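The residues making up each chain are set out below.
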Amino acid sequence: MRRIAALILLALLVVPQAGCWSRREINELAIVLGAGVDQAAPGQVRLTVQFAKPAAFAGSGEGRSAGGGQGASWVVSAEGRTVDEAARHLSWKVPRDIYWSHCIALVFGEQMARAGVREALDFFQRDREPRETMWLMAAQGEARDFWETFSALENTSAQAIGLINRMKAGYSVQVREMAEMLAGRGIQPVIPRVVAKDEGVSPSPAKEKAGGGFKQVEIAGAAVFKGDRLVGWLDDEETAGLCWLKSKPVYGEITVAGPGGAAKKATVAIRRGKAKIKAFYDSGKGEKVRFDVQLTVEADLVEMQGDEDIARPDVLRALETELGKSVEQTAAALAARAQREFGADIFGFGQAFHRQHKKEWRALKERWDEEFARAEVKIRAEAHIREIGLLSRLTSPSER
Amino acid sequence: MREQTKIDGKQAVMLMLSMILPTAILTIPSISVRLARQDAWLSVAVAVLAGLLFARLSVSLSLRFPGRTLIEYAVEVLGRAAGKVVGVLYIWWFVHMGAVVIREFGAFLATAIMPETPMIVFNIVVAAVAAYAVWCGLEVLSRFNQLFIPLTVFLAVAFVLSIKDMRLERILPLFDTGLLPVLKGAAVPASWLGEIVVFTMIIPSLAAPGSAHRLACISVLLIGVFLILSILEALLVFGPEMTAAWFFPTFNAVRVVSIAGFLERLESVITVVWVVGGFIKVGVFYYAAVLAGAQWAGLRDYRPLVIPFGVVLVSLSILLFDNTAHMFAYLSQTWPAYALLVFEAGIPLLLLVAAMIRGKGEKGGR
């Protein structure tokens, strides 16, 4: 009898195994791929969300009709006083449960960024669904316009910008890093700048008739913040300097005058950049903060104009010197701009100072912005070329 | 009453490990970092030293009275009335502790994993499973733990996988805040390590009680290593400000792991460690509470107390705190003084001194 009772109980246990309490089936979810926050009316934010359209993802990624009429995403916006309120308003239009865990990127519109982003970030950290590893960017113009795009190569523009970030093609920042920069003393936030503009064509008979390109997303430089407000943009070259000074991995390329003279260019791909920041504090009258920054850049030669034989050590050394000079100039110009124009310590020099002079830092930390602006920054760069490719010199008639 | 089951040394260490570690790695980093900032891991090192002292104290006390638990020898040392009062205090503390752990368990799952499920469901489920384990006895609990403790290795794996996102600068400069914050930050982890006082209820069940000193030391050191690793993981990934801002920074740190674009979203791993360890922790305190209750009342068996104590545990776990914020405020401000000074150090020290003065117990049990 007991055995039978136990068996029946066991069998009953199977029933609750089949389901779980907070279950959310995939066909009931609206999966967010990208989100954007703009400032609408004062005190109002507009949340723009790019949802995945699951049907477009069915089958292999390459299998969908290239450049076909059906997009793979759906972009909607809603306004509210807070981000979550906007999301609630969004749920009036979205027939499914909005699911944030797969959100790849978060973009702030320019106006929002200028007004301050700290509070808008709260939702994305407090809620358990959005991840700390979302890529964070500032769009020139409106975030909505940025997300109302598609990708010619990927399923959606959110995936495209996510991959561009992941490849470290430019400077990239995750939400957690932004939060750290916002919370930290002795550093000011800087995040990538993105734009959507007409770029490239996917040639097809229909395209031929319609003419023109279509909007694609791209990373273009960086956005400098002071506190949590956007104060200015950096261009591509300055952004490269930023990556070196912050010791961030970046797979960018720079072009310098080659060994063959100023007109003959050489292009190198940066593999690694590292900044060693030494902070000095001169007390006494007119106390002064000084920084000695030693940049070390490792690069591979990828293209060279001119006839020099790069396999010759002296030619290679000349190129390294040229490269070092170029890196030094770029970084120094950026540092000067950060000091004079923005007054924002985007490199975290203050943190370096804190690490090296923790006693003096206590007095300086409250007025670090001014101290940074009038600090003396010396930047020296050293470049090493590691690989020169498969070719020793440009193929041309030899002298013999 | 006397417990008949015996557990061996390895099982005892594993039991202590699962008893202290799971709740510690999730709740301590945030609390300690708020006080000691980037030096919080030094706080834990200080706490480990304190923990070794607590372990020494509890074990020395127990070894003076072989085969008996704290509830039993308290009466011999202090006399009937005072001894019984101490017994009641410990029964209360074990129940209170058990209820707090159930609450932490439910709060984490309801906040971070399944927000739509009412917390009481988690609380009832974990208490029910623990009740069954306690009913079956210490040996069953230990064996279950032995089976699942290898999962703790995942904590080390998570640490290794996070190395990519770590930067040493985040914990520099050392000793930035000075000595006092480091000591303040040590109070909470010390109160956690002091939970080793529960060992006084388990030592009589050890197959070889003589090794208790060694076992307690190993336990405290192992817990200390894992705890320092988890604090460092959060600090090195997020820096002090973010670590202090999050309630469960270790959980967030594991969420950040992303290796080659496919080895990511590993938080379920840490959740598994949490669920299994939380269950063991509830089980140990539950067991200590009913055993203490039975010995205090002079029952022959503790089993009649299992269900009533379970009901009290679950009810208390809901009634103790209004919300998670309240729980954290309590754990970081009130708990260390209450647990540390009274139950983990105060009363055991009092008992030991009293026993030495009155010449109670065996001198051999150093």
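## Quick notes on unusual backbone geometry
Backbone torsion omega between B:L172 and B:P173 reads -10 degrees, so that peptide bond is classified as cis. Unlike most non-glycine residues, A:S247 shows phi in positive territory, near 50 degrees. Among the secondary structure elements, A:S247 is positioned in the loop between α10 (236–245) and β10 (253–258). One non-glycine residue, B:F175, lies in positive phi territory at about 55 degrees. Among the secondary structure elements, B:F175 is positioned in the loop between α7 (153–162) and α8 (179–193).

## Description of the interface of chain B and chain A
If you look at the interface, chain B gives 32 residues, while chain A gives 21 residues. Where chain B abuts chain A, roughly 2400 Å² becomes buried across the two surfaces, and 45% of that area is made up of carbon and sulfur atoms. For chain B, the biggest contributors to the area lost against chain A are B:M242, B:R255 and B:R265; these three give 25% of the whole. Between B:E267 and A:R131 there is a salt bridge, with the nearest N and O atoms lying 3.0 Å from each other. Taken together, chain B and chain A are joined by 14 residue pairs in polar contact (both at pLDDT 80 or more). Of all the secondary-structure elements, those providing two or more residues to the side of chain B that touches chain A are α4 (80–113), α10 (212–245) and α11 (249–256) of chain B. With five residues, the top contributor of residues to the side of chain B that touches chain A is α10(B). Residues belonging to the side of chain B that touches chain A are distributed by class as follows: 15 nonpolar, seven polar and 10 charged.

## Digging into the domain arrangement of chain A
All names here are of chain A. Segmenting chain A into domains produces domain 1 (28–234) and domain 2 (236–394). Look at where the C-alpha atoms of domain 1 and domain 2 centre, and you get two points 31 Å apart. Facing the 25 residues of domain 1 at the interface are 26 residues of domain 2. When the area that domain 1 buries against domain 2 is broken down by residue, the three leading residues are Y171, R185 and L234, summing to 32%. Between domain 1 and domain 2 we count two salt bridges in total. The shortest N-O distance in the salt bridge between E177 and K248 comes to 3.2 Å. At the junction of domain 1 and domain 2, the tally comes to 10 residue pairs in polar contact (both at pLDDT 80 or more). Elements with a contribution of two residues or more to the side of domain 1 that touches domain 2: α8 (175–183), β8 (215–226) and β9 (229–234). At six residues, the largest contribution of residues to the side of domain 1 that touches domain 2 is made by β8.

## Some words on a nonpolar patch on the surface
A surface patch of nonpolar side chains, amounting to about 520 Å² of accessible area, comprises A:I4, A:I8, A:L9, A:L12 and A:V15. Here A:L12 is to be found in helix α1 (residues 2–17).

## Regarding the side chain of A:S157
All names here are of chain A. Turning to its location among the elements, S157 is positioned in helix α7 (residues 157–166). Judged by its relative accessible area of 0%, S157 is buried. A polar side-chain atom of S157 sits 2.9 Å from a polar atom in the side chain of T149. Excluding residues within four positions of it along the chain, S157 makes contact with Q50, W147, T149, F150, S151 and V217.

## Observations concerning the environment of B:V134
In this fold, B:V134 is placed in helix α5 (residues 119–136). Considered as a pair, B:V134 and B:R303 are 169 residues apart in the sequence and their alpha carbons are 8.3 Å apart.

## Quick look at the pattern of salt bridges
This structure, assessed with the given rule, holds 29 salt bridges over all chains. For B:E241, the salt bridge goes to B:R37, with nearest N and O atoms at 3.1 Å. On the criterion of sequence distance, the pair formed by B:E241 in helix α10 and B:R37 in the loop between α1 (9–36) and α2 (40–64) is long-range, its members being 204 residues apart. Taking relative accessible area as the criterion, B:R37 reaches 28% and is therefore assigned partly exposed. Beyond isolated ion pairs, a larger network of salt bridges with shared partners links A:R131, A:E132, B:R255 and B:E267.

The rules we used
Residues numbered from 1 in each chain as written. Chains lettered and ligands numbered in written order. Predicted model: local features only at pLDDT ≥ 70, side-chain atom pairs only at ≥ 80, totals over all residues. Heavy atoms only, no water. Helix = DSSP H or I, 4+ residues; strand = E, 2+ residues; numbered from the N terminus. Contact = heavy atoms within 4.5 Å. Buried area = accessible area lost by both parts, 1.4 Å probe. Salt bridge = Lys/Arg side-chain N within 4 Å of Asp/Glu carboxyl O. Polar contact = N/O pair within 3.5 Å; in protein donor to acceptor, adjacent residues only side chain to side chain. Nonpolar A, V, L, I, M, F, W, Y, C, P; charged D, E, K, R; others polar. Domains from an automatic or database assignment. Patch = residues over 30% accessible without salt bridge, like charges linked within 9 Å, V, L, I, M, F, W, Y side chains within 5 Å. Areas by Shrake-Rupley, 256 points an atom, 1.4 Å probe, with all protein chains shown as cover. Buried < 20%, exposed > 50% of the residue type's maximum accessible area, 1.4 Å probe, protein only.

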